[in-house]
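Descriptive analysis of the structure
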Amino acid sequence: MQKLEQQRDFDSIVKSNQSFLLFKHSLTCPISREAFREFHQFTSSYPKFSAYYLTVQENRPLSNYIADFFSIKHESPQIFYVQDGKVKWHMSHWNIRREEIEKAIQNSGVPLIK
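So, how was this worked out
- Residues numbered from 1 in each chain as written.
- Predicted model: local features only at pLDDT ≥ 70, side-chain atom pairs only at ≥ 80, totals over all residues.
- Heavy atoms only, no water.
- Phe/Tyr/Trp six-rings, centres within 6.5 Å; stacked < 30°, edge-to-face > 60°.
- Helix = DSSP H or I, 4+ residues; strand = E, 2+ residues; numbered from the N terminus.
- Pairing = 2+ DSSP bridges.
- Contact = heavy atoms within 4.5 Å.
- Axes fitted to C-alpha atoms, helices over the stretch in contact; angles between N-to-C directions.
- Left-handed = near helix turned anticlockwise from the far one by under 90°.
- Nonpolar A, V, L, I, M, F, W, Y, C, P; charged D, E, K, R; others polar.
- Parallel < 35°, antiparallel > 145°, perpendicular 65-115°, else oblique.
- Salt bridge = Lys/Arg side-chain N within 4 Å of Asp/Glu carboxyl O.

Next up on the list: the packing of aromatic side chains. Tallied over the entire structure, the rule returns 14 aromatic pairs. Relative to tyrosine 53, the ring of phenylalanine 36 lies with its centre 5.4 Å away and its plane at 70 degrees, an arrangement referred to as edge-to-face. Taken together, the residues span a long stretch of sequence, with phenylalanine 36 in helix H2 (residues 30–45) and tyrosine 53 in strand S3 (residues 51–55) at a distance of 17 residues. By the ring-pair criterion, three or more aromatic residues cluster together here, those being Phe10, Tyr65, Phe69, Phe70 and Phe80.

This is the structure we're talking about:
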């Protein structure tokens with residue numbers, strides 16, 4: 001899991017056409033803390049899968065840019081599964097669970113390798 005801090009880094013990741021997860025995290029929200037724990041459990045189980053996060057309070061402009069880029073209303077916490085530069089699945093709040101992340105990726109046809 002890698003912290004995303006620059007718009008150019010986000011653009012580069014999207015242009016690479018790799019499959020990846022992106023988590024928008026709030027430092028002040030208990031729901032976000034729990035969702036981040038679920039995200040972290042996933043990334044710990046599948047360390048080869050590309051995963052990024054950003055902290056909304058530290059980088060609201062990038063968070064807004066991503067919402068505009070994907071035309072998906074900002075929420076926090078929020079997770080995106082991106083494949084070939086497009087959001088294939090996204091979820092927010094209590095719906096962010098490790099099992100749901102795994103299902104979304106597996107349903108896209110991408111193998112999960114531990």
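And the narrative resumes.
In this section: the sheet that holds strand S1 (residues 2–3). Taken in spatial order, the 5 strands make up an open sheet running S1-S3-S2-S4-S5, and their pairing is mixed. In this open sheet, the two edge strands, each paired with only one partner strand, are S1 and strand S5 (86–92). Packing against the sheet, H2 makes contact with strand S2 (20–25), S3 and strand S4 (78–83), and its axis sits at approximately 155 degrees to S2. Against the sheet, helix H3 (residues 60–70) contacts S2, S3, S4 and S5, and its axis sits at roughly 130 degrees relative to S2.

Bringing the packing of helix H1 (residues 7–15) against H3 into the picture now. Taken N-terminus to C-terminus, the directions of H1 and H3 make an angle of 30 degrees; their axes are 10 Å apart at the nearest point. The crossing of H1 and H3 is right-handed. Where H1 approaches H3, its residues Gln7, Phe10, Asp11 and Val14 are matched on the opposing element by Leu62, Tyr65, Ile66, Phe69 and Phe70. Here the residues of the contact of H1 with H3 are counted per class, giving 7 nonpolar, 1 polar and 1 charged.

Now for the packing of H2 against helix H4 (residues 98–107). Each packed pair of helices is defined by two parameters, the angle between the axes and the distance between the axes. Interaxial distance between H2 and H4 falls to 8 Å at its minimum, and their mutual angle equals 55 degrees. Regarding the angle of H2 to H4, the classification is oblique. Within the contact between the two elements, H2 uses Glu38, Phe39, Gln41, Phe42 and Ser45 and H4 uses Arg98, Glu99, Ile101, Glu102 and Ile105. Counted by class, the contact of H2 with H4 contains 4 nonpolar, 2 polar and 4 charged residues.

For the structure shown, the criterion picks out 6 salt bridges. In this structure, the salt-bridge partner of arginine 98 is glutamate 102, at a minimum N-O distance of 3.0 Å. Taken together, the positions of arginine 98 and glutamate 102, both in helix H4 and 4 residues apart, correspond to about one turn of that helix. We note a salt bridge from glutamate 100 to lysine 103, for which the minimum N-O separation is 3.2 Å. With glutamate 100 and lysine 103 both in helix H4 and 3 residues apart, the pair spans about one turn of that helix. Connected through salt bridges with shared partners, the residues Glu34, Arg37 and Glu38 form a single ionic network.

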